[in-house]
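# Structural overview for review
Chain residues, written in single-letter form:
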Amino acid sequence: METAYLIETVIKIVVVLLVFSALAGLGTYFERKVLAFMQRRLGPMNVGPYGLLQVAADGVKLFTKEDVIPQNVVAPIFKIAPVVTAATAFMAAAAIPFLPQFTIFGYTVHPIVADINIGILYILGVMGVGLYGPLLGGMASANKFSLISAARGAAVFISYEVVTGLSILAPIMMVGSLSLIDFNNYQAGGFGDWIIWTQPVAFVLFWIAAFAETGRTPFHLIANDHEIIDGFGTEYSGMRWGLFFIGEYANMFFMSFVIPLLFLGGFGDGSLLGALGLLGKMAFFFFFFLWTRAAWPDVRPDQLMWLCWKVLMPIAVLNILVTAIVLM
Amino acid sequence: MFEAIAFYLFSFLTIAMFYITVTTSQALYALSALAAGMIFISAFFFILGADFLGAVQIVVYSGAVMALYAFGMMFFDTTRDVKEKKGNKYLITGLATLAAILVVVIVSAPLIGENISAYYPMTEGAGNTQEIGMVLFTKYLVPFELAAVMLLVAMISGIVLAGKKMDLSLTLMSDREIIEMREEKNKKVLL
């Protein structure tokens, strides 16, 4: 039993790592294509059919490029920073149920690496640690733009963590559990049971905070190309820079799984349709990340902090109060 | 067996990280080692089955150390060594060792004196989070509320310290003073 469990867990970890590393690569392709179509361009076309092999070309380039460590950087921290981003993104995935449980060759598989009973808290905490990557990279780089990016990273982190925590508190009070499986079962009754109908405010707040968490466009201020070059990534090259990218895209995918699981019914009753539904919802939220990037301008750091502290946090607190009164 | 391996691995890592934090003269090394050590400590909670506390350890300390980074960024050039002013080396080492031993004795003496035992029985069917809630809102209600009040006081004083003209109170001022203040403000805007 013990050995079987161990082998199963290791296999799950490897599958999650491989699938989402590959998806992160494909995510860059989707992003370029979606952005291109929204801006009336073609996007990558030359490598493979419809430019599909562009991902492989990028991979070859990143892997074979020389790994430059500039002279004045703090080398150990500089080297470890990209690993922090990528590793924490995948560690957070340990508590996400990607699919309902299914039986294959008479063996029941739970597609979740570790079903801990505080899933959502763990996921948000570990994803938050992911912002240490840009922070450390920026501070160790000995580059002024990188340092500005690190300072912004710290400000963003402190601002959005409050909103995520408070917005998620109201649904947690309703469900009475922190496990994503319990969240899913609470909403398993069908379309009418989704938490979004009872907690629309929390849903919108959490969605906004998700953009800050993943550092996507309206809040892409830690690596704004037109202000601070590539921010924390300015001094990086080769696969170390690639690891930042993998971490960012993996985080986007995991966030796109977590939002439907929390608010939009997850995989429902666990049928095949429910599983496909979860994948469809995930695809929509991932697409929305790209859509926003094409359609919206970036905000300034002070605007983000103003939004988080003076607008979103009071709304979240009020939402908790109202929920508590209704629940009583 | 896995528990033992995990325990020794993480205790080694934690101690190594905090050793780096104390000994290095590089602000960036010290802060990063501190953050890593804090996160490794959460592993002990997970090993003991206290999942909630483990996750809270990660959430709280990653945020707290992040604030320390912000201060480090403001005060030091984090890519250079900080020149420390060192006094009597032996005195510092001796006092620090003595303090550490004292803390260990103070905490562990009652444990050895009367065999350690759990105060509260496990509640059937209640999870980790519910158990903490039950203890927090029964036995430890007063310390919990006191901590909450203290945090509120800290927050309000922080706002007062950081905000502009927070030392003025409109209710205590006469109408004339308020009008004067407004006119002054308008003048500044016009200038």
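Residues numbered from 1 in each chain as written. Chains lettered and ligands numbered in written order. Predicted model: local features only at pLDDT ≥ 70, side-chain atom pairs only at ≥ 80, totals over all residues. Heavy atoms only, no water.

It is worth spelling out the overall build of chain A at this point. The helix and strand tally for chain A stands at 13 helices and two strands. Rg of the C-alpha trace for chain A: 20 Å, near the compact-globule value of 20 Å for 328 residues, within the 12% margin. Counting only C-alpha atoms, chain A reaches 60 × 55 × 45 Å along its principal axes. The buried share of chain A, reckoned over its 328 residues, is 52%. Once local pairs closer than 6 in sequence are excluded, the contacts in chain A between residues at least 24 apart make up 77%. Summing over all exposed atoms, chain A offers an accessible surface of approximately 14800 Å²; the carbon and sulfur share of this is 72%. (Helix = DSSP H or I, 4+ residues; strand = E, 2+ residues; numbered from the N terminus. Rg over C-alpha atoms; globule rule 2.2 N^0.38 Å. Buried < 20%, exposed > 50% of the residue type's maximum accessible area, 1.4 Å probe, protein only. Contact = heavy atoms within 4.5 Å. Areas by Shrake-Rupley, 256 points an atom, 1.4 Å probe, with all protein chains shown as cover.)

Next up on the list: the side chain of B:S32. Structurally, B:S32 is set in helix α2 (residues 27–47). Within the structure, B:S32 has its side chain in polar contact with the side chain of B:Y69 (distance 3.0 Å). Among all residues touching B:S32, those that are not within four sequence positions of it are A:I77, A:L136 and B:Y69. (Polar contact = N/O pair within 3.5 Å; in protein donor to acceptor, adjacent residues only side chain to side chain.)

Here we come to the interface of chain B and chain A. Across the boundary between the two partners, chain B contributes 28 residues, which contact 30 residues of chain A. For the chain B and chain A pair, buried surface summed over both sides reaches about 2300 Å², with 79% attributable to carbon and sulfur atoms. Summed over the shared surface of chain B and chain A, the number is zero salt bridges. Seen at the junction of chain B and chain A, the total is two residue pairs in polar contact (both at pLDDT 80 or more). Those elements that place two or more of their residues in the side of chain B that touches chain A are α2, α3 (51–75) and α5 (128–136) of chain B. Looking at which element gives the most residues to the side of chain B that touches chain A, the answer is α3(B), with 14 residues. (Buried area = accessible area lost by both parts, 1.4 Å probe. Salt bridge = Lys/Arg side-chain N within 4 Å of Asp/Glu carboxyl O.)

So, about the pattern of salt bridges. Residue and element names in this part refer to chain A. A complete count under the given rule lists eight salt bridges over all chains for this structure. The partner of D67 in a salt bridge is R240, and the shortest N-O contact between them spans 3.0 Å. Taken as a pair, D67 in the loop between α2 (54–64) and α3 (75–92) and R240 in helix α11 (residues 238–263) lie far apart in primary sequence, 173 residues in all. D67 sits in the partly exposed class, given a relative accessible area of 34%. Note that R300 and D302 form a salt bridge whose closest N and O atoms lie 3.0 Å from each other.

One water molecule sets the probe size; rolling that probe over the atoms shows where empty space is left. Residue and element names in this part refer to chain A. Here the structure, examined in full by the defined rule, presents one cavity of 30 Å³ or more. Approximately 30 Å³ is the volume attributed to the largest cavity. Listed by contribution, the elements that provide at least two residues to the lining of the largest cavity are α6 (144–175), α9 (200–214) and α13 (301–327). Per-element accounting of the lining of the largest cavity gives the leading share, four residues, to α13. Its residues assigned to classes, the lining of the largest cavity comprises 10 nonpolar, no polar and no charged. (1 Å grid on protein atoms, 1.4 Å probe; cavity = no way out; pocket = protein on both sides within 12 Å on 5 of 7 lines; lining within 4 Å. Points joined across faces, edges and corners; volume = space filled by probe spheres on them. Nonpolar A, V, L, I, M, F, W, Y, C, P; charged D, E, K, R; others polar.)

Together, A:L6, A:V10, A:V14, A:L18, B:M1, B:F2 and B:I5 make up a nonpolar patch on the protein surface, roughly 710 Å² of accessible area in all. Counting residues per element, the nonpolar patch draws most heavily on helix α1 (residues 2–38) of chain A, which supplies four residues. Looking at the secondary structure, you find B:M1 in the segment before α1 (2–23). (Patch = residues over 30% accessible without salt bridge, like charges linked within 9 Å, V, L, I, M, F, W, Y side chains within 5 Å.)

Residue and element names in this part refer to chain A. Following the sequence through the fold, I320 ends up in helix α13. I320 gets classed as buried once you look at its relative accessible area, which sits at 15%. Here the alpha-carbon distance between I320 and P171, two residues 149 residues apart in the chain, equals 8.9 Å. When sequence neighbours within four positions are dropped, the list of residues in contact with I320 reads L166, L169, A170 and M173.

In the predicted model, chain B carries a mean pLDDT of 82, and the fraction of residues at 70 or more is 92%. Between the elements of chain B, mean pLDDT differs from a low of 74, seen in helix α7 (residues 175–190) of chain B, to a high of 90, seen in helix α6 (residues 141–162) of chain B. (pLDDT = per-residue confidence, 0-100.)

For the rest of this paragraph, the subject is the packing of aromatic side chains. Within this structure, the stated rule accounts for 30 aromatic pairs over all chains. Aromatic side chains A:F20 and A:F257 sit 6.1 Å apart centroid to centroid with 75 degrees between the ring planes, which places their arrangement in the edge-to-face category. Of this pair, A:F20 sits in helix α1 while A:F257 sits in helix α11, and the two are 237 residues apart along the sequence. Residue classification places A:F257 among the buried positions, given a relative accessible area of 3%. Taken together, a centroid distance of 5.7 Å and an interplanar angle of 65 degrees make the contact between A:Y132 and B:Y69 edge-to-face. Linking A:Y132 in helix α5 (residues 132–140) with B:Y69 in helix α3, this pair reaches from one chain into another. Among the aromatic residues, ring-to-ring pairing joins A:F203, A:F206, A:W207, A:F211, A:F263, A:F284, A:F285, A:F287, A:F288, A:F289 and A:W291 into one connected group. (Phe/Tyr/Trp six-rings, centres within 6.5 Å; stacked < 30°, edge-to-face > 60°.)

With that settled, the discussion passes to the packing of α3(B) against α5(B). Residue and element names in this part refer to chain B. Between α3 and α5, the least distance of the axes is 7 Å, while the angle of their chain directions is 85 degrees. Put simply, α3 runs roughly perpendicular to α5. Residues D51, F52 and L53 of α3 form the contact with α5, whose own contacting residues are N128, T129 and I132. Looking at the contact of α3 with α5 residue by residue, the class counts come to three nonpolar, two polar and one charged. (Axes fitted to C-alpha atoms, helices over the stretch in contact; angles between N-to-C directions. Parallel < 35°, antiparallel > 145°, perpendicular 65-115°, else oblique.)

What follows deals with unusual backbone geometry. Not every positive phi belongs to a glycine, and A:R40 is a case in point at roughly 55 degrees. Classification of A:R40 by relative accessible area gives exposed; the value is 81%.

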